[in-house]
Amino acid sequence: MKNSLLLILVTILTGSCSNKDNNMTDYPVKPVAFTNVKFTDNFWLPRLDTNRIITIPYDFKKCEETHRIDNFAIAGGLQKGSFVGIRYNDSDVYKVIEGASYSLNIHPDPELEKYLDDLIAKITAAQEDDGYLYTCRTINPDSLPAYTGKTRWSQLKDSHELYNIGHMYEAAVAYYRATGKKSLLKVAIRSANLIDKVFGQGEDQLHGVPGHQEIEIGLVKLYRVRGDKKYLKLAKYFLDQRGNPAGHKLYVYGEDGNNKIYTQDYKPVTEQFEAVGHAVRAAYMYSGMTDIAALTNDKNYNKAVDKLWDNVVSKKLYITGGIGAKHAGEAFGENYYLPNLSAYNETCAAVANILWNQRMFLLNGDAKYIDVLERTLYNGFLSGVSIHGDKFFYPNPLESDGSHERKPWFSCSCCPTNVARFLPSLPGYVYAHTKDDLFINLYIGNKANINMDFGEINISQTTNYPWDGNVKINIEPEIKSKFTVSLRIPGWAQNKPVPSDLYHYMNRSDQKPIIKINNKEIKYSISNGYAKINRQWEKEDVIEIEFPMLARKVIANEKVKEDIGKYSIERGPIVYCAEWVDNGGKVRNLLLDKNADFTHEYKENLINSVVILKGISKSLSIDKSGNSTIEKEQNFIAIPYYAWAHRGNGEMAVWFPYEKSAANPTPPPTIASESKVSALYTHDQILAVNDQLNPKNSNDHEIPRFTFWDHKGTTEWVQYDFNEETTISNIHIYWFDDGPNGGCRVPETWKILYLKNGEWKEVSKHGEYPVLKDEFTSIEISSVKTKSMRLEIKLKENFSGGILEWKLD
Ligand SMILES: [Zn+2]
């Protein structure tokens, strides 16, 4: 870092902006910028390379194919056409620009930079003269997509007008830092100045808050680059206004408070102590609140984020670090509501959880936040992207009936673009420092260069973490200096998987991490999760750490109903799962021994190299008579959770019953369960149709469902193909219906067809086809012998529909 421009950029990145008001406070701990940390390891470096070489170009290509980029060119008058897509599609383009900029920082790439310059020219053209930027309204204010509001800002709770530009601010700052070019930053400043004029406490200003938080984070970043306090004030304004303390002039939600909870607008943020509503909105908001707590020293903000964090970590966090249990509203569930099969855990929520926990660490200097961050990083986040970098999970469940798979893209494609922007910034999470305390938070092979007050430190880590627990750290201060090196001792190495009583290990381990300095083992005590080593450091000093890497069984708090009588398994920071492919075709029927031990084995050629765990289990099934359970002993193999769903579709589980009462023996096969199911159009999970899970009601969200979403009023079909000609005389269907709030209803009409001599014929039966809700619709038909059977379904006008289970005999 000899170059002075780079030095300035680094200063900005670490948060100590030179032209900032000296009276303002900031995070007491400064992160070491990702530009100063170069990964050299075998775990993350390949993932970052894949992100740079595959994911970023892939995401841009998808943005082109889906008209997301054309929308800017059309809004800017550079080409003709109309708006295509969803109102928040602009944000995806900004997020990939942010990721591409981080990538440019580390890997200069003139071709990519040229691509970004061209793209930024389109964005610049799309901005209206006064700074307004929202392509769908600019393209045609008279023909707007749904939920945008007739005029600017008139439907803020849904429009994402402020959400989109929040991501643009983050992209602008990233691009400026990467290249020194102000092109996108100018767009951001024009936009933020407009927002500052329009929104505020003044009589002639609008009072309102965005329905999806994000602009708060973006404004704080803009403040850091510009040093202009009005952006910080505006960020705080949008947070302060939530919960409508002064009465919004602008919009009112419906009388029921549900929408307000969904958007965390149900009470002032400083009075919110339980994590509720849409999880990504929430965690972006908590990140923004933590920024405000640090930058304005507002104690009420501080208290609120502490309480919110305690609530999440004590009652709403999956063992994978995932948050947001519910599909409905992509939301946090009630306390201790952590179902596995239906767990939502959006990839974006994992990213948001990481962003928030990093800020909580910087505010408090406590390793417990990094424990949560690391858990999320290696598990709930990393599962969101395939090892090849071009397929993504939106939800990340902890159990699967085989119907989950990563997808190339989504109509709402927030997750692929969040992956692209987060991964290149990961080196910025490894180190942090105060005046004389150097924090080592993540153990990843790297070479880094850190500017402390007393001079520069070169530091490198050599390790095979997370596969083994040996870490070697070379410390080379430019000048021999006395300072503290704070080595994070992860909670999992201290018998504490999470910093709460939500999970604990079944057996405590007496093995303690060993720390050696220059080959000599030292005694240490742990403070705030760190072994703090204060001494005179000089060139060629070497720290070695040995973390005990045991496969350990985790028990959930007994209030988590779903996990009673079960344990999950982890080793180091990695949470394990079992997949069908390694365990005789099924895993949801496994029963493990309470005292089971697991050995580990490094598999170099399995899913990009992983350590697997091996043991013994029993598989349970119910015999044909339905009266007795058959137990079969078999080998048990577990793989890292993040690596699941790379070898075809099948069952997966993270929590394993060790008590028979919690086991889930496979029911005897039926005609339906043995047949191949297909449909004209599929959304959600087609295998839900014959997964032998009986619904509790038509709106059962805890079992997988199959729907035709977002087809409405159309005629659809679902089909069973049998292995051989089969005689059918009874049909039982459980319709999905999530009314009155959702968009699916029982169908308008339906009929049953069967394949005869290559043609579809309707079965013969007495009377009408009934349509029942909250129970099986069963009808008897004149027996047919066929190889294929089909349900033809006419959906209700303006509604979609779906099926929870279809049986036949
Ligand atoms: Zn997402």
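Bear in mind the structure is a predicted one, so any value in this text is a computation, not a measurement. (Residues numbered from 1 in each chain as written. Predicted model: local features only at pLDDT ≥ 70, side-chain atom pairs only at ≥ 80, totals over all residues. Heavy atoms only, no water.)

J.: For this particular structure, what's the right way to read the environment of Gly648?
T.: Residue placement: Gly648 occurs in the loop between β22 (629-640) and β23 (651-653). A sequence separation of 208 residues divides Gly648 from Ile440, and the C-alpha atoms of the two residues are 38 Å apart. (Helix = DSSP H or I, 4+ residues; strand = E, 2+ residues; numbered from the N terminus.)

J.: Explanation requested: the pattern of salt bridges in the structure shown.
T.: Where side chains of opposite charge bring their charged atoms close, a pairing between them can arise. Under the counting rule described, the total for this entry stands at 37 salt bridges. Across the salt bridge formed by Lys62 and Glu65, the nearest N and O atoms sit 3.4 Å from each other. With a gap of three residues between them, Lys62 and Glu65 both fall in helix α2 (residues 44-65), about one helical turn apart. Of the charged contacts in the structure, one is a salt bridge between Arg152 and Glu128, with a shortest N-O distance of 2.8 Å. Here the residue Arg152 occupies a position in the loop between α6 (135-139) and α7 (156-159), and Glu128 occupies one in the loop between α5 (110-126) and α6, the gap between them amounting to 24 residues. According to the relative accessible area criterion, Arg152 is partly exposed, its value standing at 25%. Its relative accessible area of 26% is what places Glu128 among the partly exposed residues. (Salt bridge = Lys/Arg side-chain N within 4 Å of Asp/Glu carboxyl O. Buried < 20%, exposed > 50% of the residue type's maximum accessible area, 1.4 Å probe, protein only.)

J.: Whenever I open this one, the side chain of Thr707 confuses me. Can you help?
T.: Tracing the chain through its elements places Thr707 in strand β27 (residues 706-707). Its relative accessible area of 1% is what places Thr707 among the buried residues. Here the side chain of Thr707 touches Trp709 through a polar contact of 3.3 Å, landing on its backbone nitrogen. Not counting the four nearest positions on each side in its chain, Thr707 is found in contact with Thr682, His683, Asp684, Phe736, Cys744, Gly801 and Gly802. (Polar contact = N/O pair within 3.5 Å; in protein donor to acceptor, adjacent residues only side chain to side chain. Contact = heavy atoms within 4.5 Å.)

J.: Help me out: how do you make sense of the coordination of the zinc ion in this one?
T.: At this site the zinc ion is bound by Glu346 (OE), Cys348 (SG), Cys414 (SG) and Cys415 (SG), with donor distances of 2.0 to 2.3 Å. With four donor atoms in place around the zinc ion and angles of 94 to 123 degrees between them, the coordination shape is tetrahedral. Mapped onto the polypeptide sequence, the residues donating to the zinc ion form the spacing pattern E-x1-C-x65-C-C. (Donors = N, O, S within 2.8 Å, 3.2 Å for Na, K, Ca; no water. Tetrahedral: all angles 85-135°; square planar, octahedral: opposite > 155°, others 65-115°.)

J.: Help me out: how do you make sense of the sheet that holds strand β1 (residues 30-31) in this one?
T.: Hydrogen bonds between backbone groups are what pair the strands of a sheet, and the pairing can be parallel or antiparallel. What the six strands build is an open sheet, ordered β1-β4-β5-β9-β14-β13; its pairing is mixed. Pairing within the sheet leaves two strands with one partner each, and these edge strands are β1 and β13 (526-527). Taken together, the two bridges between β1 and strand β4 (residues 431-433) define a ladder with antiparallel strand orientation. In the sheet register, Pro31 faces β4, and the bridge partner there is Ala432. Taken strand by strand, helix α16 (residues 367-381) contacts β9 (481-488) and β14 (530-537), and its axis lies near 45 degrees from that of β9. (Pairing = 2+ DSSP bridges. Axes fitted to C-alpha atoms, helices over the stretch in contact; angles between N-to-C directions.)

J.: Where do I start with the sheet that holds strand β11 (residues 514-517) in this structure?
T.: Across the sheet, which stays open at both edges, the seven strands sit in the order β2-β6-β7-β8-β15-β11-β12 with antiparallel pairing between neighbours. Two strands bound the open sheet, and with one partner strand each, they are β2 (37-39) and β12 (520-521). Two strands pair when backbone bridges link them, and strand β7 (residues 455-463) and strand β8 (residues 470-477) are joined in this way by seven bridges, in the antiparallel orientation. Within β8, the position partnered with Thr462 by the bridge is Lys472.

J.: Explanation requested: empty space enclosed by the protein in the structure shown.
T.: The method is simple in principle: a probe with the dimensions of a water molecule rolls over the atoms, and the space it marks as empty is what remains. On inspection of all chains with the given rule, the structure shows four cavities of 30 Å³ or more. Computed from the structure, the second largest cavity encloses a volume of approximately 90 Å³. In terms of lining residues, the second largest cavity is bounded by 13 residues, among which Trp492, Ala493, Pro548, Leu550 and Arg552 are the most central. Of the residues contributing to the lining of the second largest cavity, the split by class is six nonpolar, four polar and three charged. (1 Å grid on protein atoms, 1.4 Å probe; cavity = no way out; pocket = protein on both sides within 12 Å on 5 of 7 lines; lining within 4 Å. Points joined across faces, edges and corners; volume = space filled by probe spheres on them. Nonpolar A, V, L, I, M, F, W, Y, C, P; charged D, E, K, R; others polar.)

J.: What's the story with unusual backbone geometry in this structure? I'm lost.
T.: Both trends apply: most residues other than glycine have a negative phi, and most peptide bonds are in trans. A cis geometry characterises the amide bond from Tyr465 onward to Pro466, with omega recorded as 5 degrees. At the junction of Trp709 and Asp710, the peptide bond is cis and its omega measures out at 0 degrees in the coordinates. On the secondary structure map, Asp710 appears in the loop between β27 and β28 (715-736). Of note, the phi angle at Asn297 is positive, near 60 degrees, even though the residue is not glycine. Tracing the backbone through its elements, the reader meets Asn297 in the loop between α13 (279-296) and α14 (299-315).

J.: Quick question: what am I supposed to make of the nonpolar core here?
T.: It is characteristic of soluble globular proteins that their nonpolar side chains tend to be buried jointly. One finds Trp44 and Leu487 to be the most contacted residues of the largest nonpolar core, which totals 215 residues. Residues Ile728, Ile733, Leu795 and Ile803 belong to the second largest nonpolar core, which totals 30 residues. (Core = buried A, V, L, I, M, F, W, Y, C linked by side-chain atoms within 4.5 Å.)

J.: Where do I start with α5 in this structure?
T.: Side chains that are three or four residues apart share a direction in an α-helix, a result of its 3.6 residues per turn. Under the 1.5 Å per step criterion, the end-to-end length of α5 is 24 Å for 17 residues, consistent within 8% with the ideal 24 Å. Where α5 is concerned, the buried positions are Leu112, Leu116, Leu119, Ile120, Ile123 and Ala126. The arc that holds the buried residues of α5, viewed along the axis, is 105 degrees, so those residues lie on one side. Set apart from the buried face of α5 by more than 90 degrees, the exposed residues are Pro110 and Glu111. For α5, the secondary structure elements touched by its buried residues are α2, α3 (68-75), α4 (89-106), α6, α8 (161-179) and α9 (183-198). (Expected span 1.5 Å × (residues − 1). Arc of directions from axis to C-beta.)

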